[in-house]
Amino acid sequence: MTDDRPAWARRIAAERAARDWSQRDAVRALRAHAPTELPAEESMIRQWKRWESGQTPNDFYQPIIAALFGTVTHALFPAPARRDEDKEILAASGMETLEIVSRLNRSDVDNATLDALRITADRLASEYPFMPSEQLLIEGRQWLRRVVELHTKSLTLAQHREVLALSGWLALLVGCVEYDTGARHAAESTRQAALSLATEADHAEVAGWAHEMRAWFALTTGDYRGVIAAAQAGAERAPHAGVAVQLAGQEAKAWARIGDRRQVEVALDKGRRLLEGMPYPENLDNHFVVDPAKFDFYAMDCYRLVGEDKLARTLAEEVLRAGTDFDGTERSPMRNAEARVTLGVTAAREGDLEQALIMGERALEGDRQSVPSLIMTSRELAAEMKRRYAAEPGAQDYLARLHVLGREKPGFLPQ
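Here goes a summary of the coordinates provided. (Residues numbered from 1 in each chain as written. Predicted model: local features only at pLDDT ≥ 70, side-chain atom pairs only at ≥ 80, totals over all residues. Heavy atoms only, no water.)

**Concerning the overall build of the protein chain**
Inference 1: On a plain count of helices and strands, the protein chain comes out with 21 helices and zero strands.
Inference 2: Expressed as a percentage of its 415 residues, the buried residues of the protein chain come to 52%.
Inference 3: Sequence separation of at least 24 residues holds for 65% of the intrachain contacts in the protein chain that already meet a minimum separation of 6.
Inference 4: For the protein chain, the exposed area adds up to about 18,900 Å²; of that, 50% sits on carbon and sulfur atoms. (Helix = DSSP H or I, 4+ residues; strand = E, 2+ residues; numbered from the N terminus. Buried < 20%, exposed > 50% of the residue type's maximum accessible area, 1.4 Å probe, protein only. Contact = heavy atoms within 4.5 Å. Areas by Shrake-Rupley, 256 points an atom, 1.4 Å probe, with all protein chains shown as cover.)

**Considerations on the pattern of salt bridges**
Any two side chains of opposite charge can pair, given that their charged atoms come close.
Inference 1: For the structure on display, the rule yields 35 salt bridges.
Inference 2: When the shortest N-O distance is used, the salt bridge between Asp202 and Arg237 registers 3.7 Å. Of the two residues, Asp202 sits in the loop between helix H11 (184–201) and helix H12 (204–220) while Arg237 sits in helix H13 (residues 224–237), which places them 35 residues apart along the sequence.
Inference 3: Its relative accessible area of 52% is what places Asp202 among the exposed residues. (Salt bridge = Lys/Arg side-chain N within 4 Å of Asp/Glu carboxyl O.)

**Focus on helix H1 (residues 7–18)**
Inference 1: Between its first and last C-alpha atoms H1 spans 16 Å; for 12 residues at 1.5 Å apiece the expected length is 16 Å, and the two agree.
Inference 2: Within H1, the full set of buried residues consists of Trp8, Ala9, Arg11, Ile12, Ala13, Glu15, Arg16 and Ala18.
Inference 3: As for H1, its buried residues are in contact with helix H2 (23–31), helix H3 (41–53), helix H4 (61–68), helix H5 (73–76), helix H16 (292–305) and helix H17 (309–322).
Inference 4: Remark: Asp20 follows H1 within two positions and exhibits a positive phi of approximately 60°. (Expected span 1.5 Å × (residues − 1).)

This is the structure:
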């Protein structure tokens, strides 16, 4: 039979089952997260049954249920979809590229040109999950060069700071794509340039993302204490910006790899509380915007590493659901790839080699990849394959393919 319940109703039932809770257990656990006294237990159990059947909880209960399952309200209960015209406005640069470039050639720059550049930078950051790496790198560098050249123009003090900030955002994007393609040294130089621009512009959020990039670089190369140091430095620089949530997520991932379960929960809870208190983002596609669904992605990674396979699998399925349109188009291909690795790892641990191989191979098929991140997570699946199925031809083929992917990037090869 087709389950026509809303996605959130199916998810709370799955989250409960992953914890081996009865509905009564869930209601009792819910009380610990409620700011005020809840109705009697039997009444709450009836209410819980209605929620799992698809009756939407009211605004009072939604954040409590989200906190119960270690997520945020808008990840569990998404905001209504925005109209297509919002995307059209976002995609438009306010003027044609040729007009922007011609305006940049003038001796002075007006605010309309800066507005167009802001929208262009936002558009490029929104293309990060989809545009081929080579194309995005070319476009990002072209626009970065154009914006940097504005420093030779006649600018007001406010415009000068704006140009520095725009340069910083574009440098961050270019650095991310450089690292995705394995250009580690170029990416680090670009990251440092972005941090310098942020310092000169006194722009906390750009600085925070520069520290987040350092945390990401350290994570994928196995420097877990370096991740924690970078995350804490970034959070100190931009404690109230969205990047602070991602920094907490990176810190949690590092603690998970170190093996400190308590610190994992502390970091995840810190990020969850920060994100719960932030307004819903206007543009979920922008790479430098932390959308609510991304928090489930962080938690998925951590639970896989600490061996909470039921929770990791439940969250991986949610990441795939949230990252895929109704027609099968993938909105978040890089997150989806890591979710498939997670499903592969949990399948391997449960003795299902066939499913583990299917998920592992599908994770490697995407056109848009962050090679360091993908190899980092695939190392865990490779380790399970070696430990459990070393003599199986299918496992050997998967390991060989993974080595081919990282052959020219020895720092990322699985051990």
